[in-house]
Amino acid sequence: MILQVIILIAGLLLLVKGADWLVDGASVLAKKHKVSDLAIGLTIVAFGTSAPELVVNFVASLGGYEDIVYGNVIGSNNFNLFFILGIAGLVTPLAVQSSTVWKEIPFSFVAVIVLLLLANDFFMGENRGLSLLDGIILLALFGGFLFYVFTLLKSDPVSVDTNHKEYSNLKIWGFILGGLAGLVIGGKLVVDNAVAMAESLGVSEKIIGLTIVAAGTSLPELATSVVASIKKNNDIAIGNIIGSNIFNIFLILGMSSLIKPLAFNLAFNQDIYLLGMGTIFLFLAMFLGKKKTLDRWEAALLLIAFLGYTTYLVVMEVQ
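Residues numbered from 1 in each chain as written. Predicted model: local features only at pLDDT ≥ 70, side-chain atom pairs only at ≥ 80, totals over all residues. Heavy atoms only, no water.

**Q** Just to check I follow, could you spell out the layout of surface pockets for this structure?
**A** Using a probe with the size of a water molecule, rolled over the atoms, empty space left in the structure can be pinpointed. Approximately 420 Å³ is the volume found for the largest pocket. Together, 17 residues line the largest pocket, and V56, V59, I68, V191 and D192 are the ones closest to its centre. Ranked by the residues each element gives to the lining of the largest pocket, the list is headed by helix α6 (residues 169-199), at 7 residues. Its residues assigned to classes, the lining of the largest pocket shows 12 nonpolar, 1 polar and 4 charged. Here the second largest pocket defines a volume of roughly 280 Å³. As for the second largest pocket, its lining consists of 13 residues, of which V203, I207, T211, I212 and V314 are closest to the centre. When residues of the lining of the second largest pocket are traced back to their parent elements, those giving at least two are α7 (205-217) and α11 (296-318). Its residues assigned to classes, the lining of the second largest pocket comprises 10 nonpolar, 2 polar and 1 charged. (1 Å grid on protein atoms, 1.4 Å probe; cavity = no way out; pocket = protein on both sides within 12 Å on 5 of 7 lines; lining within 4 Å. Points joined across faces, edges and corners; volume = space filled by probe spheres on them. Helix = DSSP H or I, 4+ residues; strand = E, 2+ residues; numbered from the N terminus. Nonpolar A, V, L, I, M, F, W, Y, C, P; charged D, E, K, R; others polar.)

If you want it as structure tokens, here you go:
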């Protein structure tokens, strides 16, 4: 147990350093090629920080662990939205662009609704779960999101920043790839050891998926968004979260269901409802207080809601 704790801490340190490199490299890359931080956050950073979820779900799908597959994605998205944005928003109020308010946040809400409808088979009868066809639908919607980001790359105005760091291409990609490697390796170390510790205590697969695995695979998003908020890269901080949530549902669940059809546990519906309500709150928060900004008090509400819900899950599990 002591060795597992030590490796867990090492994984966390690797995550933080990896996030630092990734934010630096991605920000310099964005400025060098006159691409907005938001677009980089929605693509390179979001995909990189979602890599642990992808690895975990690939393994879980092959093994037939449906509760881990759903729990990892739904739990990670709730952790991203409530906990990570809560922490990042407490560090500094997160001002966002108009496109985030009117396009990316609604797109992430659409992802939640699509998941709810497909997983519960509202259109196809009583075989609840994600089938091969559902996986194709999710991946097609992911393609639509990538097309939107592509148009964003072409149309999003980028202010000229004469004070940004100057790195060679080799150094930029060294930071990005080194950061991604640190995030993936650190995330795997954290998840493997956290799951081993939880299983030794007799915790169920569902609760492991929703809490420890979800939080563990979301640590890259946590480290990246907090570091980005400290460095005042708000577009990367919030773009990373929204992009990751869209990636998780459309890409990761889509690919997972292509590997093997995934039966759906109805108990996850309450977690999907929570995710939907949290996304609606984030949208409304853009019009409360300072416009197009997640204020500290709003971030605190997200964090409190997450801690309260997690406590509820644990209490229900041990009863």
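**Q** Before we go on, may I ask you to explain the packing of aromatic side chains in this structure?
**A** The relation between two aromatic rings is expressed through the spacing of the ring centres and the mutual angle of the planes. Tallied over the full model, the rule gives 16 aromatic pairs. Ring plane angle 25 degrees and centroid distance 4.7 Å describe the contact between F79 and F83, whose orientation is recorded as stacked. With a gap of 4 residues between them, F79 and F83 both fall in helix α3 (residues 66-91), about one helical turn apart. Side by side, F79 and F83 carry an identical accessibility label, which is buried. Clustering of aromatic rings is evident, with ring pairs tying together F107, F142, F145, Y148, F247 and F250. (Phe/Tyr/Trp six-rings, centres within 6.5 Å; stacked < 30°, edge-to-face > 60°. Buried < 20%, exposed > 50% of the residue type's maximum accessible area, 1.4 Å probe, protein only.)

**Q** Help me understand the packing of α3 against α7, please; the structure alone is not making it clear to me.
**A** In a pair of packed helices, the angle between the axes and the distance between the axes together describe the arrangement. Here α3 crosses α7 at 45 degrees, and the two axes come no closer than 7 Å. By the angle class used here, α3 and α7 are oblique. Regarding α3 and α7, the two cross each other, and that crossing is right-handed. Contact with α3, carried on its side by E66, D67, I68, G71, N72, G75, S76 and F79, involves E205, K206, I208, G209, L210, V213, A214, A215 and T217 of α7 and no other residues of that element. In terms of residue class, the contact of α3 with α7 is made up of 7 nonpolar, 6 polar and 4 charged. (Axes fitted to C-alpha atoms, helices over the stretch in contact; angles between N-to-C directions. Parallel < 35°, antiparallel > 145°, perpendicular 65-115°, else oblique. Left-handed = near helix turned anticlockwise from the far one by under 90°. Contact = heavy atoms within 4.5 Å.)

**Q** Explanation requested: the environment of A39 in the structure shown.
**A** Note on placement: A39 falls in helix α2 (residues 37-63). The sequence separation of A39 and N72 amounts to 33 residues, and the corresponding C-alpha distance is 25 Å.

**Q** I tried to follow the nonpolar core on my own but got confused; where do I start?
**A** Side chains that are nonpolar tend, in soluble globular proteins, to be buried together. Within the largest apolar cluster, 96 residues are counted, with the highest numbers of intra-cluster contacts made by L85, I249 and L294. The contacts of I249, once residues within four sequence positions are left out, are V73, N77, A111, V112, L115, L138, G254 and L275. (Core = buried A, V, L, I, M, F, W, Y, C linked by side-chain atoms within 4.5 Å.)

**Q** Would you take a moment to explain the packing of helix α10 (residues 269-285) against α11 for this structure?
**A** Across the interface, α10 lies against α11 with an axial gap of 11 Å and an inter-helix angle of 170 degrees. As summarised for this structure, α10 and α11 are arranged roughly antiparallel, according to the angle between their axes. Contacts from Q270, D271, L274, F281 and A285 of α10 reach α11 at E298, L301, L302, Y309, Y312 and L313. By residue class, the composition of the contact of α10 with α11 is 8 nonpolar, 1 polar and 2 charged.

**Q** What exactly am I supposed to notice about helix α4 (residues 98-119) here?
**A** For the α-helix, the turn length of 3.6 residues means that residues three or four positions removed from each other point alike. For α4, with 22 residues, the first-to-last C-alpha span of 31 Å sits near the 32 Å given by 1.5 Å per residue. In the stretch just after α4, D121 is the one whose phi turns positive, near 50 degrees. (Expected span 1.5 Å × (residues − 1).)

Such coordinate-based values are descriptive only and should not be taken to indicate function.
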